[in-house]
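The primary structure of each chain is shown beneath.
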Amino acid sequence: MSIKIYPRCKSDWQQIYIDAEGFVFPCCWIANQPHYASYREFHGKDLAQLNTNVKSIVQILNGTEFRKVEDSWATSQPFIGCVSFCASPLPKDEGNLQGTNSLVGIDISKGKLRE
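This one's a predicted model, so the numbers in the text were calculated from it and none came from an experiment.

Draft legend 1. A look at helix 1 (residues 35–43). Those residues of helix 1 that sit buried are His35, Tyr36, Tyr39 and His43. Here the buried residues of helix 1 occupy an arc of 110 degrees about the axis, which is enough to place them on one side. Those residues of helix 1 hidden inside the fold are in contact with strand 2 (24–25), helix 3 (64–72) and helix 4 (80–86).

Spelled out as structure tokens, the structure:
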């Protein structure tokens, strides 16, 4: 049985989370326990490529390492953090509650930050 992911990080415009060490995550939920360790393990030796001390945010967002989580949605085993938070659709009347107090968004298609 395939697990369907309804990505909240993609429901309006892409949202990311950058931790204090400079690592970029698809969302704040994955950046917290218990999925922080899973995310680091999922990326293994490629984890450094997701750090703003190594690459720019635009390079990270357009890189294959960052897209690895999203690519997993089409497999029989999507990333566990996405399964935990996004394996069922949001109720129609609730909308996207994630990041409602965000000041900065990312527009990957244009490769730049937007406010």
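Once you've had a look at it, read on.
Draft legend 2. View of the packing of aromatic side chains. Within this structure, the stated rule accounts for six aromatic pairs. Their ring planes at 35 degrees and their centres at 4.6 Å tell us that Phe25 and Tyr39 sit as a pair that is tilted. Here Phe25 is found in strand 2, whereas its partner Tyr39 is found in helix 1, with 14 residues between them in sequence.

Draft legend 3. Here's a closer look at the nonpolar core. Among the nonpolar cores identified, the biggest contains 20 residues, and Phe25, Ile30, Tyr39, Phe66 and Cys82 are the most heavily contacted of them. Every element with two or more residues in this core is listed here: strand 2, helix 1, helix 2 (57–62), helix 3 and helix 4. Among residues more than four places away in sequence, those in contact with Tyr39 are Val24, Phe25, Pro26, Ile30, Leu50, Phe66, Val69 and Phe79.

Draft legend 4. Structural context of empty space enclosed by the protein. Counted according to the given criterion, the structure contains two cavities of 30 Å³ or more. The computed volume of the largest cavity comes to approximately 90 Å³. Lining the largest cavity we find 14 residues, and of these Cys9, Cys27, Ile30, Cys82 and Cys86 sit closest to its centre. Here the element with the most residues in the lining of the largest cavity is helix 4; it accounts for four residues. When its residues are assigned to classes, the lining of the largest cavity shows eleven nonpolar, two polar and one charged.

Definitions and cut-offs
- Residues numbered from 1 in each chain as written.
- Predicted model: local features only at pLDDT ≥ 70, side-chain atom pairs only at ≥ 80, totals over all residues.
- Heavy atoms only, no water.
- Buried < 20%, exposed > 50% of the residue type's maximum accessible area, 1.4 Å probe, protein only.
- Helix = DSSP H or I, 4+ residues; strand = E, 2+ residues; numbered from the N terminus.
- Arc of directions from axis to C-beta.
- Contact = heavy atoms within 4.5 Å.
- Phe/Tyr/Trp six-rings, centres within 6.5 Å; stacked < 30°, edge-to-face > 60°.
- Core = buried A, V, L, I, M, F, W, Y, C linked by side-chain atoms within 4.5 Å.
- 1 Å grid on protein atoms, 1.4 Å probe; cavity = no way out; pocket = protein on both sides within 12 Å on 5 of 7 lines; lining within 4 Å.
- Points joined across faces, edges and corners; volume = space filled by probe spheres on them.
- Nonpolar A, V, L, I, M, F, W, Y, C, P; charged D, E, K, R; others polar.

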